There are 2 protein chains.
Amino acid sequence: MARPSQAKENLIKAAYDLIWENSYGSTSVDDICARAGVRKGSFYHFFESKAHLAIATIDSAWTKRLPVLNEIFSPVVPPLERFGRYALLMLEYQEERCALTGHVCGCPLSSLGSEVGTQDELIRAKVAEIFAHHLRFYESAIRDAASEGLIDGTDSAFKARTLQTYIQGAFTQARVLNDLGPIRQLDRAILAILGAVPEAA
Amino acid sequence: MARPSQAKENLIKAAYDLIWENSYGSTSVDDICARAGVRKGSFYHFFESKAHLAIATIDSAWTKRLPVLNEIFSPVVPPLERFGRYALLMLEYQEERCALTGHVCGCPLSSLGSEVGTQDELIRAKVAEIFAHHLRFYESAIRDAASEGLIDGTDSAFKARTLQTYIQGAFTQARVLNDLGPIRQLDRAILAILGAVPEAA
DNA sequence: ATACGACTTGACCAACCAGTCAACAACCTC
DNA sequence: GAGGTTGTTGACTGGTTGGTCAAGTCGTAT
């Protein structure tokens, strides 16, 4: 039935890389097609618009990220250590990207969401959706940490939101300053925000 | 000598508003000229490129913001109250913009810096410069708070950086979620991050 | 083997993009 | 009021933008 084709996957990968490294607005459909080795006609066979590709890109990235988060934030892992592992993973991703592109690229979701947030409601909502998923991991780890007496347990939801806001800020700042410093401090700052003594690494 | 003209100021104001509300990439020189009521030829009489206008926009905004910060972060104001006033001002700005545009717009510097950070080094560096200025206000207030015994005084520089990262995250998140919530929580979260009991408002 | 739908191709479009330019108008100084 | 500088105008360019389309190609289920 289906004629086998890697075009769709190639387009998603190319778009993800180009938008992350540059920006949504400065990445043209032609750029994406060129990197993917796909003709523009095929692009519009798979995606009805550039915005729809961006959304597919987010979905694809989330599908790949979810099992990783499930592992890191597994209830088997000591609650505070989950954040340590998460911070380390984020640092590794950023270092890898930075080595590849010569720039600190920050969070692809954050950058994209901030760029088009006021203009493309579909993309904005999709980014917000993924953020909401992340928040659940933070909340769960914070509640577990509180129940083990590792941190103060009042208003876990507020702590989780604060943490997410901070993490998002770290990525944005790293990109703007073109400096991995904020990502390197992620681990320490998370523990500080949670009010934990930094010995759970 | 100089023929009086408001064109330059109009262009800066128009660019500031349009880029803040939308994005750098999606704001064309024609758009800016149209809103400013200025012909494109005049644009290029005052600015050598779109990027140079963006930089002039940042400079102009900073020149207007500096005396406000000097007042809020005056040594005359109790250290922790400075953050409270700052948070309130930020909320007022955001509410005003939101009412005007129908969207939570976040921090214009942050959004712009994140968008073009990997592509335009001049703009990126200019945004980073303004961030560095802000950091000094935070550091000073934190040191003052510590010397008054209001908060723990170990590693004020780290606390200031953490705070700035958080504040930046709050703006980005507010924009992406199209929700003033993160800005409304600014006051409380800042005090929590500083480890202060929330009674200095 | 044939037929059908999934995929590909390259040419095409109108709109828009940042930036240019030569001619012109208004102001200030002298 | 003459002259030089500063600001203004609108038409122009060459390239790029997101998106379209008709014609073709290929795999596969029957």
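Reference entry: report on the structure contained in this document. (Residues numbered from 1 in each chain as written. Chains lettered and ligands numbered in written order. Predicted model: local features only at pLDDT ≥ 70, side-chain atom pairs only at ≥ 80, totals over all residues.)

## A short note on helix 6 (residues 108-116) of chain B
For helix 6 of chain B, the buried fraction is high: nine of the nine residues fall into the buried class. Those residues of helix 6 of chain B that fall on the buried side of the exposure criterion are B:P108, B:L109, B:S110, B:S111, B:L112, B:G113, B:S114, B:E115 and B:V116. Where helix 6 of chain B is buried, its residues touch helix 6 (108-116) and helix 8 (156-177) of chain A together with helix 1 (7-21), helix 4 (50-72), helix 7 (121-147) and helix 8 (156-177) of chain B. (Buried ≥ 20, exposed ≤ 12 C-beta atoms within 10 Å, placed from the backbone. Helix = DSSP H or I, 4+ residues; strand = E, 2+ residues; numbered from the N terminus. Contact = placed C-beta atoms within 7 Å.)

## Quick look at the interface of chain B and chain A
Much of the literature gives interface size as the accessible area that the parts lose upon coming together. Contacts between chain B and chain A engage 36 residues on the former and 36 residues on the latter. Every element with two or more residues in the side of chain B that touches chain A is listed here: helix 6, helix 7, helix 8 and helix 10 (186-194) of chain B. Of the residues forming the side of chain B that touches chain A, the biggest block, eleven residues, is contributed by helix 8 of chain B. Across the side of chain B that touches chain A, the residue classes break down as twelve nonpolar, 20 polar and four charged. (Nonpolar A, V, L, I, M, F, W, Y, C, P; charged D, E, K, R; others polar.)

## Details of the nonpolar core
Counting residues in each nonpolar core, the largest one holds 104 residues, and the members touching the most others are A:L11, A:A15, A:I190, B:L11, B:A15 and B:I190. Those residues within four positions of B:I190 in sequence are excluded, and the remaining contacts are B:F83, B:A87 and B:L163. (Core = buried A, V, L, I, M, F, W, Y, C linked by C-beta atoms within 7 Å.)

## Structural notes on the environment of B:Y44
Inspection of the secondary structure puts B:Y44 in helix 3 (residues 40-46). Expressed as a C-alpha distance, the spacing of B:Y44 and B:V29, which sit 15 residues apart in the sequence, is 9.8 Å.

## Focus on the relation of the copies chain B and chain A
Least-squares fitting of chain B to chain A yields an RMSD of 0.0 Å, with the transformation described by 0.0 Å of translation along the axis and a rotation of 180 degrees. Given the turn and translation reported, the copies of this chain are related as if by a two-fold rotation axis. Every residue of chain B has its C-alpha some distance from the rotation axis, and the shortest such distance is that of B:G169, at 1.7 Å. An overlap of 100% is found between the interface residues of chain B and their copies at the interface of chain A, pointing to a shared contact surface. (Least-squares fit on C-alpha atoms with pLDDT ≥ 70 in both.)

## Topic: unusual backbone geometry
All names here are of chain B. Phi is positive for D155, which is not a glycine, with a value near 55 degrees. Of note, D155 is situated in the loop between helix 7 and helix 8. For N178, which is not glycine, the phi torsion reads 50 degrees and is therefore positive. Along the polypeptide, N178 turns up in the loop between helix 8 and helix 9 (181-184).

## Some points on the packing of helix 1 (residues 7-21) of chain A against helix 4 (residues 50-72) of chain A
Residue and element names in this part refer to chain A. Orientation of helix 1 relative to helix 4, taken along the N-to-C sense of each, is 95 degrees, at an axis distance of 9 Å. Looking at the two axes, helix 1 sits roughly perpendicular to helix 4. Counting all contacts with helix 1, which are made through L11, I12, A15, Y16 and I19, the residues of helix 4 involved are L53, A54, A56, T57, S60 and A61. Residue classes in the contact of helix 1 with helix 4 are distributed as nine nonpolar, two polar and no charged. (Axes fitted to C-alpha atoms, helices over the stretch in contact; angles between N-to-C directions. Parallel < 35°, antiparallel > 145°, perpendicular 65-115°, else oblique.)

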